[in-house]
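Reading the structure
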Amino acid sequence: MPLIEVTDLQKIYKDGEVKTPALRDISFSVKEGEFVAIMGPSGSGKSTLLHILGFLDRHSGGTYRFNGKTIDDYTDEELACVRNEKMGFVFQSFNLLPKTTVLENVKLPLLYSLVPHSKREEVARRAIESVGLSHRIYHEPSQLSGGEKQRVAIARALVNKPNVIFADEPTGNLDSESGKKIMEIIQRLNEEEGHTIFLITHETYTAEHAERIIKIKDGAIESDVKVHHRHNAREKFSK
Amino acid sequence: MTLKDSFITALGGLKTHKSRSGLTILGIVIGITAIILMMSIGNGAEQLILNEIGGLGAETIVVRPGKEPTGPSDLGETLFADSLKRKDLEALKRKGNVPYLREIMPALLVPGSVSYEGETYRPTIMGGSFEIMSATFNVYVTKGTAFTETEINQNASVAIIGSKVVQELFGGGDAVGEFIKIKDRKFRVIGVLEPKGQAAFFNFDEIVIVPYTTAQLYLLGIDYFHEIIIKTEGPEFVARSVADIERTLRESHSIENSKDDDFFLVTQQGVVKQVQTILGALTAFLSSVVAIALVVGGIGVMNIMLVSVTERTKEIGLRKAIGATEKDILRQFLFEAVILTAFGGIIGIVLGGVLSLLASILLTQVLELKWVFSFPLMAVFLGISMSAVVGLIFGIYPARIAARKSPIEALRYE
Ligand SMILES: Nc1ncnc2c1ncn2[C@@H]1O[C@H](COP(=O)(O)OP(=O)(O)OP(=O)(O)O)[C@@H](O)[C@H]1O
Ligand SMILES: [Mg+2]
């Protein structure tokens with residue numbers, strides 16, 4: 001059973017009388033542990049798709065099954081619960097809470113989870129360690145570089161050990177060196193921890209870290225291909 | 001998310017926006033301060049007044065001439081009314097008229113000063129019957145003797161004086177047997193009162209008591225009394241005696257209708273009731289002012305919370321994206337509002353307490369009132385709960401707006 005399965009997925013934004021079709025008849029399925037890159041020109045509907053897959057937005061047509069259950073069968077509470085336990089998000093603009101330490105930022109998803117109080121600190125520290133930021137644990141976001149902020153965001157996304165991590169242009173705001181570091185972490189999460197990854201990117205090079213690239217144009221899938229020669233950020237980085 | 005988590009999260013949110021939080025609660029602080037001040041001072045005033053009347057004794061009835069004053073304009077009429085005369089006294093004394101009367105004493109107030117060998121002092125000069133005053137107010141002569149019915153019948157020029165009067169005129173020396181002058185008439189001091197201070201309407205340390213007949217004849221030149229003090233057999237006979245006295249006096253004054261009464265009766269119960277009515281009305285008025293202050297404060301809190309919710313749209317979106325439910329967000333913002341206002345309430349309570357303590361110091365030191373500082377626990381409870389309720393009421397709308405935000409709109413918000 002695939003983790004994520006969409007058939008004829010549609011999204012139409014309605015702004016009064018004006019209807020903007022953002023997605024039309026998108027169909028694909030992704031197995032647990034897959035690493036998928038989504039590419040496409042600006043405005044093609046990549047973020048829209050990711051938001052729907054991540055339960056942040058509702059689709060207008062077609063079906064979306066997560067873990068074999070259609071999204072319509074989830075109550076609002078259940079959606080929140082799945083977002084919390086099974087999904088992690090990394091955004092282009094980091095979205096860290098200002099004036100809040102790295103530790104507290106990473107702990108945030110645990111607040112809404114069933115992880116007992118006594119374990120939260122330890123779990124958060126481990127997540128921070130895994131993105132190599134243990135020395136910045138009491139810094140506030142304003143005291144961090146862009147790359148470091150994004151690593152905090154990743155630590156936050158993986159703190160609850162989600163099945164799938166959605167990353168919307170995580171390297172978009174970063175220089176190539178910081179970008180590489182982010183890609184290295186993401187790749188490791190996929191290979192060693194078995195997280196399913198959805199990664200939106202504009203750069204072909206970045207996309208080629210994934211196993212599979214789905215290209216979207218004008219809200220429809222243009223191509224869906226396997227990557228034959230994957231880049232390995234970790235090798236490059238450790239070299 | 002547990003309640004504790006919501007609480008901690010809300011506290012964190014407030015800490016991040018400290019100065020704004022401070023300004024927000026100003027209205028609440030003022031409102032609660034006013035409540036505490038009002039309750040404390042109201043309590044003090046009630047106690048003060050009740051203490052003073054308390055000395056009157058529950059079994060005592062005071063008859064005053066004129067119409068019962070219902071406003072300041074009636075007061076003059078009472079002072080100059082001359083309707084209570086000797087024949088009324090005799091009528092009231094008759095056992096058949098007022099069966100439960102135990103003692104009766106007319107009283108007169110003499111304006112003026114007392115002098116002794118060049119020293120002058122202005123005490124309260126009273127014409128009365130010492131036997132009855134002693135029984136009513138529990139004052140006793142420590143030195144010398146008291147005057148009795150005999151001296152009253154003889155219009156004797158004798159006086160009993162208070163301890164402060166002795167101090168002022170005789171410098172603490174022996175006063176008994178000396179002659180003091182009141183309105184150019186010599187009075188022999190026959191007794192000195194033990195220090196007692198304020199009881200009912202009199203300060204017995206600053207009083208000079210002479211027989212009422214003497215006061216009428218030689219000091220005032222009048223044939224009526226300023227009031228008649230009646231002691232009944234006990235508090236349970238007051239109501240019955242009030243009716244008896246009214247009937248007797250109406251008969252004596254040939255009055256048919258109670259509307260035409262040229263006298264009125266004062267009882268401890270009546271005065272207590274009156275005082276409580278006045279204080280109650282005052283409190284109700286002030287309460288409504290305070291309620292308005294709290295509503296205004298609450299609207300302030302709502303306003304700031306709405307701004308906060310809009311400003312923190314991204315935060316709300318993020319929280320929802322990582323698993324917060326509508327309930328979690330609602331609770332977080334509601335808690336923020338309630339913590340904010342409850343905190344304002346606590347500040348208000350402390351501030352109100354300090355201010356009412358200052359007020360009581362001022363009242364005792366400057367106005368020399370026997371004011372007792374009281375800080376009702378009820379007010380503390382009321383202050384905190386009222387401010388929390390204000391937070392709850394005015395926080396719910398912004399919190400609902402926050403909770404309803406869709407995560408995606410919130411995340412896309414710039
Ligand atoms: N709330 C909205 N209301 C109306 N139209 C919207 C809304 N959000 C997105 N759109 C439209 O949907 C289309 C897809 O937007 P989306 O953000 O998914 O593009 P994208 O592929 O992520 O672009 P980019 O690479 O620039 O991030 C765009 O034409 C956009 O204008
Ligand atoms: Mg996008």
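Residues numbered from 1 in each chain as written. Chains lettered and ligands numbered in written order. Predicted model: local features only at pLDDT ≥ 70, side-chain atom pairs only at ≥ 80, totals over all residues. Heavy atoms only, no water.

For the rest of this paragraph, the subject is the overall build of chain A. Regarding its fold elements, chain A presents eight helices and 10 strands. Its C-alpha atoms give chain A a radius of gyration of 18 Å, near enough to 18 Å, the size a compact globule of 239 residues would have. With the C-alpha coordinates aligned to their principal axes, the bounding extent of chain A is approximately 50 × 40 × 35 Å. Per-residue burial over chain A gives 53% buried out of 239 residues. (Helix = DSSP H or I, 4+ residues; strand = E, 2+ residues; numbered from the N terminus. Rg over C-alpha atoms; globule rule 2.2 N^0.38 Å. Buried < 20%, exposed > 50% of the residue type's maximum accessible area, 1.4 Å probe, protein only.)

Residue and element names in this part refer to chain B. Its place among the elements puts T232 in strand β13 (residues 227-232). Among the residues examined, T232 registers a relative accessible area of 1% and is labelled buried. Here E59 takes part through its backbone oxygen, which lies 2.8 Å from a polar atom of the side chain of T232. Here G234 takes part through its backbone oxygen, which lies 3.1 Å from a polar atom of the side chain of T232. (Polar contact = N/O pair within 3.5 Å; in protein donor to acceptor, adjacent residues only side chain to side chain.)

Next up on the list: the interface of chain A and chain B. Taken together, the contact between chain A and chain B spans 24 residues of the former and 22 residues of the latter. Summed over both partners, the interface of chain A with chain B buries about 2,000 Å², with 61% contributed by carbon and sulfur atoms. For the pair chain A and chain B, the number of links is one salt bridge. Ionic pairing is found between R120 of chain A and D5 of chain B, a salt bridge with its closest N-O pair at 3.3 Å. Remark: the boundary between chain A and chain B carries five residue pairs in polar contact (both at pLDDT 80 or more). Secondary-structure elements contributing two or more residues to the side of chain A that touches chain B are α1 (46-53), α2 (76-86), α3 (102-111) and α4 (117-130) of chain A. Classifying every residue of the side of chain A that touches chain B gives 11 nonpolar, seven polar and six charged. (Contact = heavy atoms within 4.5 Å. Buried area = accessible area lost by both parts, 1.4 Å probe. Salt bridge = Lys/Arg side-chain N within 4 Å of Asp/Glu carboxyl O. Nonpolar A, V, L, I, M, F, W, Y, C, P; charged D, E, K, R; others polar.)

In a beta sheet, neighbouring strands pair by backbone hydrogen bonds and run either parallel or antiparallel. All names here are of chain A. Overall, mixed pairing links the six strands, which are arranged β6-β7-β8-β3-β9-β10 in an open sheet. Across the chains shown, the open sheet's two edge strands, defined by having one partner strand only, are β6 (87-90) and β10 (220-226). With direction set aside, neighbouring strand axes in the sheet form an average angle of 15°. Here five bridges tie strand β7 (residues 164-168) to strand β8 (residues 196-200), and the two strands are oriented parallel to one another. Considered in β8, the bridge of D168 is made with I200. Running at roughly 170° to β6, helix α5 (residues 146-158) makes contact with β6 and β7 of the sheet. (Pairing = 2+ DSSP bridges. Axes fitted to C-alpha atoms, helices over the stretch in contact; angles between N-to-C directions.)

With that settled, the discussion passes to the environment of K93 of chain B. All names here are of chain B. With respect to the helices and strands, K93 occurs in helix α5 (residues 86-93). With relative accessibility at 36%, the residue K93 sits in the partly exposed group. Distance from K93 to E103, taken between C-alpha atoms, is 8.4 Å for residues 10 residues apart in sequence.

Residue and element names in this part refer to chain B. Here T248 shows up in helix α10 (residues 238-252). Given a relative accessible area of 3%, T248 falls into the buried group. In contact with T248, other than residues within four places in its own chain, are A91, L92, N97 and V98.

This part is about the site of ligand 1. The full set close to ligand 1 counts 13 residues, and S42, G43, K46, S47 and T48 of chain A are the nearest of them. At the site occupied by ligand 1, nearby residues are drawn from chains A and B. Here S44 of chain A contributes a backbone N or O atom positioned 3.3 Å from an oxygen atom of ligand 1. S47 of chain A is positioned such that a nitrogen or oxygen atom in its side chain is 2.7 Å from an oxygen atom of ligand 1. Expressed as a share of its isolated accessible area of 640 Å², the protein-covered part of ligand 1 is 66%. It is α1 of chain A that contributes the most residues to the shell around ligand 1, three residues altogether. Counted by class, the shell around ligand 1 contains three nonpolar, seven polar and three charged residues. (Near = heavy atom within 4 Å. Areas by Shrake-Rupley, 256 points an atom, 1.4 Å probe, with all protein chains shown as cover.)

Let us now look at the environment of E211 of chain A. Residue and element names in this part refer to chain A. Relative to the helices and strands, E211 resides in the loop between α7 (204-207) and β9 (212-217). Look at E211 and you get partly exposed, because its relative accessible area is 22%. The sequence separation of E211 and D73 amounts to 138 residues, and the corresponding C-alpha distance is 31 Å. Every residue in contact with E211, bar those within four places of it in the chain, is listed here: G33, E34, F35, N190, V225, K226, V227 and R230.

Bringing the confidence of the model for chain B into the picture now. Residue and element names in this part refer to chain B. The share of residues in chain B with pLDDT of 70 or more is 95%, and the mean pLDDT across the chain is 85. Across chain B, strand β7 (residues 158-161) holds the top mean pLDDT of 93, while helix α4 (residues 75-80) sits lowest at 56. Across the interface, the model reports ipTM at 0.91; the global pTM reads 0.73. (pLDDT = per-residue confidence, 0-100.)

All names here are of chain A. Spatial ordering of the open sheet is given by β2-β1-β4-β5, a layout of four strands whose pairing is antiparallel. Strand pairing shows two members of the sheet lacking a second neighbour, β2 (18-30) and β5 (69-70), which therefore form its edges. Bridge count for strand β1 (residues 4-15) against strand β4 (residues 61-66) is five bridges, and the pairing is antiparallel. Note on β4: the bridge partner recorded for Q10 is G61.

With that settled, consider unusual backbone geometry. Backbone geometry follows two general trends: most residues other than glycine have a negative phi, and most peptide bonds adopt the trans configuration. With a phi close to 50°, D218 of chain A is a non-glycine residue in the positive phi region. Among the residues examined, D218 of chain A registers a relative accessible area of 54% and is labelled exposed. Of note, the phi angle at K183 of chain B is positive, near 50°, even though the residue is not glycine. Tracing the chain through its elements places K183 of chain B in the loop between β8 (179-182) and β9 (185-193). Its relative accessible area of 42% is what places K183 of chain B among the partly exposed residues.

Attention shifts here to helix α1 (residues 3-16) of chain B. A rise of 1.5 Å per residue sets the reference length of α1 of chain B, with its 14 residues, at 20 Å; its end C-alpha atoms lie 20 Å apart and thus fit the reference within 8%. By the burial criterion, the buried members of α1 of chain B are D5, S6, T9, A10, G13 and L14 of chain B. Considering only its buried residues, α1 of chain B is in contact with α3 and α4 of chain A together with α2 (18-24), α12 (313-321) and α13 (326-365) of chain B. (Expected span 1.5 Å × (residues − 1).)

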